[in-house]
Amino acid sequence: RLHEFLLAEARVDVDQAGLAVLYVLHLEGPSLRLTDLAERLRIDAPAVTRKAQQLERSGLVSRARDGEDARAIRLQLTARGRRTITRFLVARRAWLTRLLAGWPEAEQVEFARLLRQFSSDIHRQVGELDA
């Protein structure tokens, strides 16, 4: 329900899988090979291809041949795709800000510190799993 609420708040009409693709492209930079996107999302390449085609038809991503390997496809956010993921992230941040607004400032600071520590520990553990 939260996801649907945030989509409505952001006035975004993208399913959860599509939003995941937009988010990874947003984080990774100007463009990403389709196979790398599939790896980051931990789903198979044909599923990413189908989702990319849907997002391309919606005008949220564009596809181009990889300059180094003409067989490979690179995806990138279009201006509309960037606006879409930005609106969603802004809505999510606003919701979190409202959620924490009643907390004393000292508790907000401590929560932020603990959350950074938790996130760092997760990244370290996942890195060890990948190695």
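Per chain, residues are indexed from 1 in the order of the written sequence. The predicted nature of this model means local features are confined to residues of pLDDT at least 70 and side-chain atom pairs, given and counted, to a pLDDT of 80 or more, with totals for whole chains, interfaces and linings taken over all residues. The side-chain figures draw on all heavy atoms in the structure; neither hydrogens nor water molecules are used.

A look at the overall build of the protein chain
Going along the chain from the N terminus, every DSSP run of H or I of four or more residues is numbered as a helix, and every run of E of two or more is numbered as a strand. Helices and strands together make up the secondary structure of the protein chain, namely six helices and three strands. The helix and strand sequence of the protein chain, counted from the amino end, reads α-α-β-α-α-β-β-α-α. Relative accessibility under 20% of the residue-type maximum defines a buried residue, over 50% an exposed one, and the middle range a partly exposed one, all with a 1.4 Å probe and only protein chains included. In the protein chain, buried positions account for 26% of the 131 residues. If you take every contact in the protein chain between residues at least 6 apart in sequence, the share linking residues at least 24 apart comes to 50%. Methods summary: accessible areas were calculated by the Shrake-Rupley approach with a probe of 1.4 Å, and residue burial reflects only the protein chains presented. On the protein chain, roughly 9,200 Å² of surface is accessible, and the fraction owed to carbon and sulfur atoms is 54%. We call two residues in contact when some of their heavy atoms are within 4.5 Å.

Examining the pattern of salt bridges
Salt bridges, as used here, are contacts in which a Lys or Arg side-chain nitrogen is within 4 Å of a carboxyl oxygen on Asp or Glu. Per the counting criterion, the structure on display carries ten salt bridges. Close ionic contact of Glu28 with Arg40 constitutes a salt bridge, the shortest N to O distance being 3.1 Å. Here Glu28 is found in helix α2 (residues 16-28), whereas its partner Arg40 is found in helix α3 (residues 34-41), with twelve residues between them in sequence. Where salt bridges share partners, they join Arg33, Asp66, Asp69, Arg71 and Arg74 into one cluster.

Details of the packing of aromatic side chains
Each Phe, Tyr or Trp ring (for Trp, its six-membered ring) is paired with any other whose centre lies within 6.5 Å, and the angle between the two planes then decides the class: stacked below 30 degrees, edge-to-face above 60, tilted in between. Counted according to the given criterion, the structure contains one aromatic pair. On the numbers, 5.2 Å between centres and 65° between planes, the contact of Trp103 with Phe111 is edge-to-face. Overall, the relative accessible area of 35% leaves Trp103 in the partly exposed class.

Observations regarding the packing of α2 against helix α5 (residues 79-100)
Think of each axis as a best-fit line through the C-alpha atoms, taken over the contacting stretch in the case of a helix, with angles from 0 to 180 degrees between the N-to-C directions. In contact at an axis separation of 10 Å, α2 and α5 are set at 95° when each is read in the N-to-C sense. One finds that α2 runs roughly perpendicular with respect to α5. Contact with α2, carried on its side by Leu19, Leu22, Tyr23 and His26, involves Thr84, Ile85, Phe88, Leu89 and Arg92 of α5 and no other residues of that element. For this classification, the nonpolar set comprises Ala, Val, Leu, Ile, Met, Phe, Trp, Tyr, Cys and Pro, the charged set comprises Asp, Glu, Lys and Arg, and every other residue, Gly included, is treated as polar. Within the contact of α2 with α5, the residues separate by chemical class into six nonpolar, two polar and one charged. Here the angle decides the label: under 35 degrees means roughly parallel, over 145 means roughly antiparallel, 65 to 115 means roughly perpendicular, and every other value means oblique.

Overview of the pairing of strand β3 (residues 73-77)
Strand pairing is assigned whenever DSSP identifies at least 2 bridges connecting the two strands. Pairing of strand β1 (residues 32-33) with β3 involves two bridges; the strand directions are antiparallel. Bridged to Leu32 within β3 is Leu75. Two elements, strand β2 (residues 61-65) and β3, share five bridges in a ladder whose sense is antiparallel. Looking at the pairing, Val61 lines up with Leu77 of β3.

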